[in-house]
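# Working through the structure, step by step
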Amino acid sequence: IHGYPSSVKELSAILESSKETIDSIETILLVSERIYPEQLLQIKKAFNANILSFYGMTERVIFAPLVDDVYIPNQLYGATEEVNGELIGTGFSNSATRLIRYRTGDTATVTKSGNFVTKIDELTGRWGKEYLHGKTGVNITMTSLNTHCNALERVNKYQFYQTSIGTCELRLIVNSDFTNLDLKNVTDAFQDKVGNELDINCKIVNDIPLTSRGKHQFIVVELKNKG
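Residues numbered from 1 in each chain as written. Predicted model: local features only at pLDDT ≥ 70, side-chain atom pairs only at ≥ 80, totals over all residues. Heavy atoms only, no water.

## What to know about helix 2 (residues 37–46)
Here is the rule we go by: Summary of the burial criterion: residues with accessible area below 20% of their type's maximum are buried, those above 50% are exposed, and those between are partly exposed, where the area comes from a 1.4 Å probe applied to protein chains only. Note on conventions: DSSP H or I runs of at least 4 residues are helices, E runs of at least 2 residues are strands, and numbering of each starts at the N terminus. Whether two residues are in contact is decided by their heavy atoms, any of which lying within 4.5 Å being enough.
Of the positions making up helix 2, those classed as buried are E38, Q39, L40, Q42, I43 and A46. On its buried side, helix 2 packs onto helix 1 (5–17), strand 2 (27–30), strand 3 (50–56) and strand 12 (155–162).

Take a look at the structure:
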């Protein structure tokens, strides 16, 4: 299987809810989206297969395969730095822009040796994007929203949609086993993560639109009262 983590995770949820298994899959390659821990857990649960992934970009400045739960930059491919939380790459293999320090726009927590990144421990988002706006100006990322809740096993897909600072709608696509108690537990789990910074209203929907490239966005912000 070769696909977006969000799509493969959705397939995994469908297989689990229908009590079906696919034993012939040997390897799953997850690409082009951030991978969240809950996605890996769901995919590993549904498939007895090797999971491969990497962090990289079209500009060919960083190539970092996923090893266990961290990304390891290939030192022969390019030099990887972290400056003020942002990944900076200097590619060795791109004939057009070789040896140019490139701002990726991706933020991360990393492990360094000297000035260079040896591990990308966690990709935390896009610079200036992919976060909700709290009441006091706090930026709430998907990393800070990471939670463990049994009811999420009965949620096929979800998305945080924000139009006003301090409030947010959590849209859920759920399976047939999802109950009213599950709805309360999901709401409470995420509300507990954000405290008083954000008022979360959960809503069950039939569809969550993908981007033009077929990707799933966990956070969509369209503020009407910003500034």
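## A few points about empty space enclosed by the protein
Selection rule: Lining residues are defined by having an atom within 4 Å of a point belonging to a cavity or pocket. Those points lie on a 1 Å grid over the protein atoms alone, cavities being sets where a 1.4 Å probe fits but cannot get out and pockets being open sets with protein on both sides within 12 Å along at least five of seven lines. Grid points are joined across faces, edges and corners, and a volume is the space filled by probe spheres set on the points. For this classification, Asp, Glu, Lys and Arg are treated as charged, while Ala, Val, Leu, Ile, Met, Phe, Trp, Tyr, Cys and Pro are nonpolar and the rest, including Gly, are polar.
Inspection of every chain in the model, using the stated rule, returns two cavities of 30 Å³ or more. One number sums up the size of the largest cavity: a volume of about 70 Å³. Along the walls of the largest cavity sit S6, K9, E10, E38, Q39, N156, K157, Y158, H216 and F218, which together make up its complete lining. Its residues assigned to classes, the lining of the largest cavity shows two nonpolar, four polar and four charged.

## Considerations on the pairing of strand 12
Rules: By this definition, two strands are paired if DSSP reports at least two bridges between them.
Here strand 12 lies mainly inside the structure; eight of its eight residues are buried. Here strand 12 runs beside strand 13 (residues 167–174); their pairing, made up of six bridges, is antiparallel. Note that in strand 13 the partner of Y161 across the bridge is E169. Where strand 12 folds back onto strand 13 in an antiparallel hairpin, the turn is made up of four residues, including G166, whose phi is positive at roughly 90°. Pairing of strand 12 with strand 15 (residues 219–221), which is carried by three bridges, proceeds in the parallel orientation. Bridge pairing links F160 to I219 in strand 15.

## Topic: the packing of aromatic side chains
What counts is decided by this rule: Stacked, edge-to-face and tilted are the three classes for Phe, Tyr and Trp ring pairs, Trp counted by its six-membered ring, which pair at centre distances within 6.5 Å; planes under 30 degrees apart are stacked, over 60 edge-to-face, the rest tilted.
Per the stated rule, a full pass over the model turns up six aromatic pairs. Residues Y158 and F160 carry aromatic rings whose centres are separated by 6.0 Å and whose planes lie at 90° to one another, so their mutual orientation is edge-to-face. Grouping residues by exposure puts Y158 and F160 together as buried. With 5.5 Å between their ring centres and 65° between their planes, Y158 and F218 make a pair best called edge-to-face. One end of the pair, Y158, is in strand 12; the other, F218, is in the loop between strand 14 (199–204) and strand 15, and 60 residues separate them in sequence. Grouping residues by exposure puts Y158 and F218 together as buried.

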